[in-house]
Each structure stands twice: as structure tokens, then as C-alpha cells.
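# Fold and contact review
Each chain is listed here by its residues.
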Amino acid sequence: MAAMTAFSLSEDQIAIRDMAASFSAETLAPHAVRWDEEKHFPVEEMRQAAALGMGGIYITEDVGGSGLGRLDAALIFEALAMGCPTVAAYISIHNMCAWMIDRYGADEQRKAWLPKLCSMEHLASYCLTEPGAGSDAAALKTKAVRDGDHYVLDGQKQFISGAGVSDIYVVMVRTGEAGPSGISTLVVENGTPGLSFGANEKKMGWNAQPTRAVIFENCRVPVANRLGPEGIGFKIAMAGLDGGRLNIGACSLGGAQAAFDKALAYAQERKAFGARIADFQALQFKLADMATELEMARTFLWRAASALDETAPDATKLCAMAKRVATDTGFEVANQALQIHGGYGYLADYGIEKIVRDLRVHQILEGTNEVMRMIVARGLVGRAKGN
Ligand SMILES: Cc1cc2nc3c(=O)[nH]c(=O)nc-3n(C[C@H](O)[C@H](O)[C@H](O)COP(=O)(O)OP(=O)(O)OC[C@H]3O[C@@H](n4cnc5c(N)ncnc54)[C@H](O)[C@@H]3O)c2cc1C
């Protein structure tokens, strides 16, 4: 794609965004509240998204990808999240896993796994977090011990999105010494003996996708499933997250924009004290601030996405800044949109409380917003003791 110039989108980018927005409005939005209630993971609808090129957005075209950039992806995820942040966020994780295989996999590996991932015939999960290693992910303990042509895996991953349903698990394991340099990345296929899953977690939001523990017990995985050499797994995991964080930020913007649009419409209908509530200046100022904050976060996210597209040296820092800003702003705007709806905002039928519940976790996952500050601060004052 052509680079963004002067903060405007190209015609192609506008067309991509419009395509994702129409799909989201027609296929996701009408069902989002029900999927949340029924905890339904809409695999068929995600395959329809993939048929439009959204299963492998920034994957190379030789294996079925769309060959687009990170700014294009940000536009797509914001548009998808306007219909349902949870489904958009899962598609984002799937894209992140596919990119890790595309970027670090050998040609046979790319050809083996990516065509079915791009079509979403197969779904992918990202397995980094463990019960004892969340923010401090480099402390992960899942062991992969070499035995001939296989690794034997033992350990547990926690909070894995899509787990149980996904076909492909991109797993960070310990093949060497303590710390980041002892970590490698393996692709584990569902159905491998010794791979099992915990119960679907009961959670505040993100109910339209499952979250489960992924358990490895004497699980034999071919050495041929390793991405890159031993010892670069942490680097692969973090590289995936640069783009993942932009996407999650974009999902927050989309959810918040949808909540804002509902609040703006509601404020112009709802009457109190003999006037529309939109006539009260206190409320107008609130709406003005919400619109401004959203636009600031969006502009900054686009800047970070462009930096990642250009592999700028400060891209990781900008992605961390943008994730923090977009997810905090998204949550605050959605929460204010709920407030503007008064008591009705608290009722499930209005679809606002679902957005607030969904966006809350974006401040926690793919690195908490405290971890985003750590990444930024490291560049300013160096690495603190223990970090
Ligand atoms: C619904 C859901 C889906 C998820 N999906 C996935 C997935 O698909 N794959 C995956 O690998 N993981 C996934 N996660 C895990 C998620 O990334 C972790 O929960 C997150 O990284 C935080 O880890 P933790 O929960 O262990 O919290 P902890 O690391 O225990 O942190 C607890 C608190 O301490 C703070 N903290 C920790 N260290 C510092 C520090 N040095 N300075 C300041 N504050 C600090 C944190 O910010 C946080 O507020 C998911 C989580 C949820 C809830």
C-alpha cells in the first residue's frame, strides 16, 4: 500500500475501510449482543471475513494473504470492532499468529500452514502467558526437551484466546537457559497427543470467543514445527505483539466509536427538563471531548502503524504508546457513552454495556498498560532493576 501522506488515507485505504465497515455492519453488528449472551464463537462469519481478505491481512500473497500493511490493518480492525470488538479482536490474534509463521517460518512451513489460516479454514491461537508468567513473560516455564526429531512439551499456558477451537497453536516454550534467550517458538497442531484444554473461563466480556488454559503433558511436537532457530522465540513473540497491540488499539477505537455514535443519537432523542439532553451544554462538552479524544488516539495509532510499516527504529515504542492511549481512550469514551444513556445504558439490549465490558480487557492483554509504560520508560531512563 502507498504510505500515508499528511494524515490522509489513500483511495485504496478508504475502499478497504469501507469494505470492512459494510461487512461489520451487515454480518457482525446485528448479532453481537446475542453472541455475547450465548457465548457463541462465530466461526462461519469469521470465514466470511477471511473470504474478503481479512484472515491474512499482512500475509504475503503467495500463500493466500492480502499483502497489505499495518495501517490498512488498523483501518480494518477499527471497522470490524464497530460491529463487535470481541470478534474483531480474535481475528486480530489470528492475523498475528499467521504473521509470525509468515515472517519467521521456512518456506515449507509457510506453505503448510498459511493457506488454510488465510482462509480461516484453520484458526490460530497465540500461547505466551502462563499461570506464573504474565507481564514477566520471559519467565515462562513450559519445557520443550529435545528427543530425536521431536520436542517433548510439558507445562501450561493460561488465558489463551480461541483455545480448544483453534487448529494451530503458536507456542513459546523453554528450550534453553532461564530468561528470554532460552525461549523458542513451536507450532502445535490441535489433535497432537498430550495437548488438552481447560474449561472455557467465565469472564466480564469477550464472551463471543473462548478463553482456556492450554495444557501440554508429554506432548511430542516435531522439531520441524519450530519457527526459526532455537532461542529466538521471545523475539518472535514480541515482534508479533508490536502489530497485535496496534490491532487491539484499533479494536478499542472501533468499539468506542460505535458507543459514541449510539450516545450522540440517543442524546438527540432523549428529553429531560423540557429539552433534549443534547441541548445541555455540559453534555455537549462531554460529547466534544469524547470526539476529540477518539480522534487524537486514532491519529496517533495511524502514526505508530505507519512507523511499523516502515520498520522505523522507534516502532516498538510507538506501538506501545499507541496501545496504551487507544485502549485507555476507547474504554473511557465507551464508559461515558454508557453514562449518557443513563439507566438504559446499563441494560443489555442497548448494546453499550457489552462494549464497555469488551473494551476493559484491552487495557490488560497483549501487555498491560503498565507494561506499555515500562516499554516506553526503558527508552527514556533505561531498564529498571527487575524489569
Ligand atoms: C480475556 C483474556 C484473553 C487473553 N488472551 C491471551 C492469549 O490469547 N494469549 C496469551 O498469551 N495471553 C493472553 N492473555 C493474557 C494476558 O496477556 C495477561 O493477562 C497479561 O499479560 C497480564 O498478565 P497477568 O494476568 O499474569 O498479570 P500480572 O503480570 O500478574 O500483573 C498484575 C498487575 O501487576 C502489574 N504489573 C506487573 N509487573 C509490573 C511492573 N513491573 N510494573 C508495574 N506494574 C506491573 C500489571 O500491569 C497488572 O496490573 C489474555 C488475558 C485475558 C484476560
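Keep in mind it's a predicted model, so treat the numbers as computed, not measured.

Before going further, it helps to spend a moment on the overall build of the protein. Helix and strand counts for the protein come out as eleven helices and ten strands. Its C-alpha atoms give the protein a radius of gyration of 21 Å, within 12% of the compact-globule value 21 Å for 387 residues. Expressed as lengths along the three principal axes of its C-alpha atoms, the size of the protein is roughly 80 × 45 × 45 Å. Split into buried and exposed, the 387 residues of the protein put 55% on the buried side. Contacts spanning at least 24 positions in sequence make up 73% of the contacts within the protein whose residues lie at least 6 apart. As displayed, the protein has an accessible area near 16200 Å², and 54% of this comes from carbon and sulfur atoms. Taken together, the 38 basic and 45 acidic charged side chains of the protein have centroids lying 6 Å from each other.

Ranked by size, the top nonpolar core spans 108 residues in total, and within it Met46, Leu80, Ile101 and Tyr126 carry the most contacts. Top contributing element to this core by residue count: helix α7 (residues 233-267), with 17 residues. Excluding residues within four positions of it along the chain, Met46 makes contact with Phe41, Val87, Tyr90, Ile91, Met120 and Leu123. Ranked by size, the runner-up nonpolar core spans 17 residues in total, among them Tyr151, Leu186, Val214 and Cys219.

Neighbouring residues of the ligand: 18 residues in total, closest Tyr126, Thr129, Ser135, Thr368 and Glu370. One nitrogen or oxygen atom from the main chain of Tyr126 is found 2.7 Å from a nitrogen atom belonging to the ligand. Within the side chain of Thr129, a nitrogen or oxygen atom sits 2.7 Å from a nitrogen atom of the ligand. Across the complex, the protein chains shield 66% of the 980 Å² of accessible surface that the ligand would expose by itself. Counting atoms within 2 Å of the grid points, the majority share of the ligand lands in the largest pocket. At the level of secondary structure, the elements contributing two or more residues to the shell around the ligand comprise β3 (150-161) and α11 (369-381). In terms of residues, the shell around the ligand owes the most to one element, β3, which gives three residues. When its residues are assigned to classes, the shell around the ligand shows nine nonpolar, six polar and three charged.

Take the packing of aromatic side chains next. Evaluated as defined, the whole model comprises five aromatic pairs. Their ring planes at 90 degrees and their centres at 6.1 Å tell us that Trp99 and Tyr104 sit as a pair that is edge-to-face. With relative accessibility at 13%, the residue Tyr104 sits in the buried group. Pairing Phe273 with Phe280 gives two aromatic rings, centres 6.4 Å apart and planes at 75 degrees, and the pair type is edge-to-face. One cation-aromatic arrangement involves Arg146 over Tyr151; the distance from NZ or CZ to the ring centre is 5.8 Å. Residue placement shows Arg360 over the ring face of Phe331; its charged tip is 5.8 Å from the ring centre.

Here we come to the domain arrangement of the protein. Here the domain parsing of the protein yields domain 1 (11-122), domain 2 (125-231) and domain 3 (234-381). Inter-centroid distance (C-alpha atoms) of domain 2 to domain 3 is 30 Å. Counting residues at the interface gives 14 residues for domain 2 and 14 residues for domain 3. Carbon and sulfur atoms make up 71% of the surface buried where domain 2 meets domain 3, a total of about 1100 Å² over both sides. Between the two partners, domain 2 and domain 3, sit zero salt bridges. At the boundary of domain 2 with domain 3, the tally comes to four residue pairs in polar contact (both at pLDDT 80 or more).

In this section: the layout of surface pockets. Roughly 1300 Å³ of internal volume is contained in the largest pocket. In terms of lining, the largest pocket is formed by 44 residues, of which the most central are Thr129, Gly134, Ser135, Glu366 and Gly367. Counting only elements with at least two residues in the lining of the largest pocket, the list comes to α5 (85-104), β3, α7, α10 (352-360) and α11. When residues in the lining of the largest pocket are grouped by element, the largest group, seven residues, is from α7. Class assignment for the residues of the lining of the largest pocket results in 21 nonpolar, eleven polar and twelve charged. Residue-level mapping places the lining of the largest pocket at the junction of two domains, with at least three residues from each of domain 2 (125-231) and domain 3 (234-381).

Before going further, it helps to examine the UniProt feature "domain: Acyl-CoA oxidase/dehydrogenase middle" (unreviewed entry) in the protein. On the UniProt side, "domain: Acyl-CoA oxidase/dehydrogenase middle" (unreviewed entry) is annotated at positions that read residues 126-219 here. The span residues 126-219 carries 0% helix and 48% strand; its end-to-end C-alpha distance comes to 17 Å.

So, about α10. The buried fraction of α10 is high, at eight of nine residues. Among the residues of α10, those classed as buried are Ile352, Glu353, Lys354, Ile355, Val356, Arg357, Asp358 and Leu359.

Time to look at the pattern of salt bridges. Proximity of charged atoms lets side chains of opposite charge pair with each other. Under the counting rule described, the total for this entry stands at 16 salt bridges. Between Arg110 and Asp107 there is a salt bridge, with its nearest N and O atoms 2.7 Å apart. In this pair, Arg110 and Asp107 both sit in helix α6 (residues 107-118), three residues apart, roughly one turn of the helix. Residue Arg110 is classed as buried on the basis of its relative accessible area of 8%. Given a relative accessible area of 39%, Asp107 falls into the partly exposed group. Across the pair Arg276 and Asp279 runs a salt bridge, and its minimum N-O distance is 3.0 Å. A relative accessible area of 30% places Arg276 in the partly exposed class. Residue Asp279 is classed as partly exposed on the basis of its relative accessible area of 39%. Here the salt bridges share partners, and the residues they tie into one network are Asp62, Asp102, Asp107, Arg110 and Lys111.

Parameters at a glance
- Residue positions are given per chain, counted from 1 along the sequence in the order it is written.
- The predicted nature of this model means local features are confined to residues of pLDDT at least 70 and side-chain atom pairs, given and counted, to a pLDDT of 80 or more, with totals for whole chains, interfaces and linings taken over all residues.
- Only heavy atoms go into the side-chain values, all of them from the structure, while hydrogens and water stay out.
- A run of H or I in DSSP counts as a helix once it spans at least four residues, and a run of E counts as a strand once it spans at least two, with each numbered from the N terminus.
- Only the C-alpha atoms count toward the radius of gyration. The rule for a globule is 2.2 Å times the residue count to the power 0.38.
- Classification of residues uses two cut-offs on accessible area relative to the type maximum, computed with a 1.4 Å probe and protein chains only: under 20% is buried, over 50% is exposed, and between them is partly exposed.
- Contacts were defined at the residue level, with two residues in contact if any of their heavy atoms lie within 4.5 Å.
- Note that accessible areas follow from Shrake-Rupley with a 1.4 Å probe, and for residues the cover is restricted to the protein chains shown.
- Charge counting treats Lys and Arg as positive and Asp and Glu as negative, with His and both chain ends excluded.
- A charged residue contributes its charge at one atom only: NZ of Lys, CZ of Arg, CG of Asp or CD of Glu.
- Take the buried residues of types Ala, Val, Leu, Ile, Met, Phe, Trp, Tyr and Cys, join any two whose side-chain atoms come within 4.5 Å, and each joined set is a nonpolar core.
- We call a residue near a molecule or strand as soon as one heavy atom of that residue lies within 4 Å of the molecule or strand.
- Polar contacts here mean pairs of N or O atoms no more than 3.5 Å apart (in protein, one a potential hydrogen donor and the other a potential acceptor; neighbouring residues in sequence count only if both atoms are side-chain atoms).
- Computed over the protein atoms alone on a 1 Å grid, cavities are sets of points where a 1.4 Å probe fits but cannot get out and pockets are open sets with protein on both sides within 12 Å along at least five of seven lines; a residue lines them when it has an atom within 4 Å of a point.
- Think of it this way: if more than half of a molecule's atoms are within 2 Å of a pocket's grid points, that molecule is in the pocket or cavity.
- Put simply, Ala, Val, Leu, Ile, Met, Phe, Trp, Tyr, Cys and Pro go in the nonpolar bin, Asp, Glu, Lys and Arg in the charged bin, and everything else, Gly too, in the polar bin.
- For this analysis, a ring pair means two rings from Phe, Tyr or Trp (six-membered ring only for Trp) whose centres lie within 6.5 Å, classed as stacked if their planes differ by under 30 degrees, edge-to-face if by over 60, and tilted for the remaining angles.
- Criterion for a charge above a ring: Lys NZ or Arg CZ within 6 Å of the ring centre, and within 35 degrees of the ring normal.
- Note that the domain bounds were set by an automatic or database domain assignment.
- In short, buried area is how much 1.4 Å probe accessible area vanishes from two parts on joining, totalled over both.
- For this document, the term salt bridge refers to a Lys or Arg side-chain nitrogen within 4 Å of an Asp or Glu carboxyl oxygen.
- Grid points are joined across faces, edges and corners, and a volume is the space filled by probe spheres set on the points.
- UniProt positions are given in the numbering used here, feature names are shortened, and annotations may be inferred rather than shown by experiment.

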